[in-house]
Amino acid sequence: TLTVGDIQSTVGNVSLTVACPGGTISVPGAAFPGSQVISAGTVNTATDILTMTGNGLIRANGAGVASTIRANTIGMSGTSTIETTGISSNLVVQSCCAAGNALAVNFTSPTAIIRATGATSDVNFNSITNGAVTITGGAANGLISATRNVGFFGNTGAVAVNVNQITGTVTGTGQNFGVTVQTGGLTADTINAGGAANISLTATNGNLTATNLTAAGSITALASNGSLSLGSSTAGTTLTGTVTTNGNLTVSSAISSTGALSLVNSSAAAAQGNITINGNTSSTGSTVSLTSGTNATAVTTVATLTTVTGQTGVTVTTPALTLTGSGAITATTGNANVQSNLASGALTVTMGSGSAINAAAAGADVTFNNTTAGAITINNAGLGTINANDTVVLNGGANAVSVNVNDVSGNVTGSGTSFVVNVDTNNLSVGAVSASAGVGTFINTAAAVGQGSITAVSGGGVSSTGALTFTAGTNGSVTLNAAATSTASTLNLTSGTAAGTGVTVATGILGRGQ
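Starting afresh in each chain, residues are numbered from 1 along the sequence in its written order. Where local features are concerned, this predicted model is filtered to residues with pLDDT of at least 70; where side-chain atom pairs are given and counted, the filter is 80 or more; whole-chain, interface and lining totals use all residues. Where side-chain values are given, they derive from all heavy atoms of the structure, hydrogens and water being excluded.

For the protein chain, the count of helices and strands is 0 helices and 54 strands. Here the C-alpha radius of gyration of the protein chain, 32 Å, is well above what a compact globule of 514 residues would show, namely 24 Å. Only protein chains enter the area calculation, which uses a 1.4 Å probe; residues under 20% of their type maximum are buried, those over 50% are exposed, and those in between are partly exposed. A burial count over the protein chain gives 51% of its 514 residues as buried. What makes two residues a contact is simply this: any of their non-hydrogen atoms within 4.5 Å. Taking as baseline every contact in the protein chain between residues at least 6 positions apart, the subset at least 24 positions apart corresponds to 47%. Per-residue and other accessible areas were derived by the Shrake-Rupley procedure at a 1.4 Å probe size, with only the shown protein chains allowed to occlude residues. On the protein chain, roughly 17,500 Å² of surface is accessible, and the fraction owed to carbon and sulfur atoms is 52%. The charge count treats Lys and Arg as positive and Asp and Glu as negative. His and the chain ends do not count. Charged side chains are reduced to one point each, which is NZ for Lys, CZ for Arg, CG for Asp and CD for Glu. Where the 5 positive side-chain charges of the protein chain centre and where its 9 negative ones centre are 12 Å apart. Numbering goes from the N terminus for both helices and strands, where a helix is a DSSP run of H or I of at least four residues and a strand is a run of E of at least two. Taken over C-alpha atoms, the radius of gyration is set against a globule rule of 2.2 Å times the number of residues to the power 0.38.

This is the structure we're talking about:
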């Protein structure tokens, strides 16, 4: 055991070596007057165990040079500090002689620090020879700080870090790779977990920003009390991003998974609970699920030129969905579902020019409030396309349904107190629809030849209490292949004015106005 008092090198470097394995270097701080190891150049150690206690200090002031602290096990207590201060002077904490190059650091004090304070400086763990990195401190203890990156390089070994705070951008490799911080948030960039390994990042208090994550297994990102931003990341199995409270959730650039991809924001306060998709978000082998907060101001937004794609389906649960410009939601197979989680059940969808909600595979539906009925408003003056291979379900229940978009492909079905659908392009097919306490209105304003028609399809049936109206475009016809009935008002069937248009009621079909 080498117990260190006050050592200072005003010109050169300091090197401390004790046999490894079996050796110990102790820097006991107040136990010796000073007990500070300070170098104008670098400080390099090599031992089995390094013990930092009291106000013990190891400091390297050299610029443009790296200091390497080699030890298999490091204990940090009191106000002990290991640091470099020079510009572009990295601090490397490296296993010395342990099997598999395993490195363990244990913080037992909130004021114990490992840091690189000079500009453009990193703190790296096991960057020379990779191996498992285990750093403990829990919620209360330990600060790791760098002006640039904090790297953990487990490679085929696991990285498991749980400390009070990390400042600097976390990076590295590991199988698995897990980092949890209690305070100050967490920033991560360029993390690779090979094999079948997973990446797990948690910011307990503060924002979490993570980009360029690559995992052969799963990716889990959790902001418990703050916002979450994810970007440029790929998971071999599942990808999960969660905001628990006091924040918003943003996809800054493309993210994808082979398995299920789930983004959840449970924040309940006003101006929180939002999900914003600014990069393509996809599952190549499973579903995509987006769940925003339940407050009345929570919005899920898909930016223009951005697509949310689920191989086997997409579900968006939110009070309000906005597809900006050409933003799109696509279920490659399976259904595209949009469901309100507002207490009243009301759902608002705003579609931009060129936007779309697609479920074009055989038998696939696009559904709105299909799980729990509520008022549905999809209304942006004839913008956006709703495209289903089978049906477009609008489940207003005991609430109004109002749709005004560019195009609806698929048979429109559903219910509402009133039920209004207005399209501007192609033809409109109407299946089983009930307007239980108001009008049923279907308008197609498309003027192009071969467009503008409205058909009540066979096997359906349309009914309303108020006036039931079918109004075709200039070159469109109205065809009733299923019953169309107003139980307390008029039935209005209006074809286009062009030659060859008209109103057709199929044999055995009843069209009736009270």
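Read on, since the account is not over.
So, about the packing of aromatic side chains. We call Phe, Tyr and Trp rings a pair once their centres come within 6.5 Å, taking the six-membered ring for Trp, and we label the pair stacked below 30 degrees between planes, edge-to-face above 60, and tilted otherwise. For the coordinates displayed, the defined rule picks out 4 aromatic pairs. Judged by centre distance (5.2 Å) and plane angle (20 degrees), the rings of F125 and F152 are stacked. Of this pair, F125 sits in strand β13 (residues 123-125) while F152 is found in strand β15 (residues 143-153), placing the two residues 27 residues apart along the sequence. Aromatic pair F152 and F177: ring centres 6.5 Å apart, planes at 65 degrees, arrangement edge-to-face. Here F177 lies in strand β18 (residues 177-181) and F152 lies in strand β15, a separation of 25 residues in the sequence. Each member of the pair F152 and F177 is classed as buried.

Let us now look at the pairing of strand β39 (residues 356-359). For a regular strand, the rule is simple: side chains alternate between the two faces of the sheet. Neither face of β39 is open: one carries A356 and N358, the other I357 and A359, and all of them are buried. Pairing geometry for strand β36 (residues 328-331) and β39, over 3 bridges, is parallel. Its bridge partner lying in β39, A328 is registered against A356. Strands were regarded as paired on the criterion that DSSP finds at least two bridges between them. Across 4 bridges, the pairing between β39 and strand β42 (residues 385-395) is parallel. Bridge pairing in β42 places A359 opposite A388.

To continue, consider the environment of G241. With respect to the helices, strands and loops of the structure, G241 is situated in strand β25 (residues 239-243). In this structure the C-alpha to C-alpha distance between G241 and N265, which are 24 residues apart in sequence, comes to 8.4 Å. G241 has contacts with A221, L228, L230, L249, S262, L263 and V264, leaving out every residue within four places of it along the chain.

With that settled, the discussion passes to unusual backbone geometry. Here C20 and P21 are connected by a cis peptide whose omega angle stands at 5 degrees. Mapped onto the elements of the fold, P21 is located in the loop between β3 (14-17) and β4 (24-27). Residue N246 is not a glycine yet carries a positive backbone phi of 60 degrees. On the secondary structure map, N246 appears in the loop between β25 and β26 (249-251). The exposure class of N246 is partly exposed, given its relative accessible area of 41%. In this model, N369 sits at a positive phi of 55 degrees, which is unusual for a non-glycine residue. Considering the arrangement of structural elements, one finds N369 in the loop between β40 (366-368) and β41 (376-379). Judged by relative accessible area, N369 falls into the buried class, the value being 0%.

Attention now goes to the state of the cysteines. In plain terms, two cysteine sulfur atoms within 2.5 Å form what is called a disulfide here. Summed over the entire model, instances satisfying the criterion amount to 1 disulfide. A sulfur-sulfur separation of 1.8 Å characterises the disulfide bridge that pairs C20 with C97. Note on the C20 and C97 pair: the S-S dihedral is about -80 degrees, so by sign convention the disulfide is left-handed. Taken together, the residues span a long stretch of sequence, with C20 in the loop between β3 and β4 and C97 in the loop between β10 (91-94) and β11 (103-107) at a distance of 77 residues. Residue classification places C20 among the partly exposed residues on the basis of a relative accessible area of 26%. Free of any disulfide, C96 has its nearest cysteine sulfur in C20, 3.4 Å distant.

Turning to the pattern of salt bridges, a few remarks are in order. A side-chain nitrogen of Lys or Arg and a carboxyl oxygen of Asp or Glu constitute a salt bridge if their distance falls within 4 Å. Considering all chains together, one arrives at 3 salt bridges under this definition. With a closest N to O distance of 2.6 Å, E83 and R115 form a salt bridge. Of this pair, E83 sits in strand β9 (residues 81-84) while R115 sits in strand β12 (residues 113-116), placing them 32 residues apart in sequence. Put simply, R59, E83 and R115 are held in one network by salt bridges that share partners.

Attention shifts here to the side chain of S286. When you line up the elements, S286 lands in the loop between β30 (281-283) and β31 (288-291). By relative accessible area, which is 18% here, S286 ends up buried. With near-sequence residues (within four places) excluded, S286 lies in contact with T258, G259, A260, G310, Q311, T312 and G313.

Let's shift gears to the environment of A298. In this fold, A298 is placed in the loop between β31 and β32 (300-302). Sequence spacing of A298 and S282 is 16 residues, and the spatial spacing of their C-alpha atoms is 22 Å. Ignoring sequence-local partners within four residues, the contact set of A298 consists of Q272, G273, N274, S292, G293, T318, P319 and A320.

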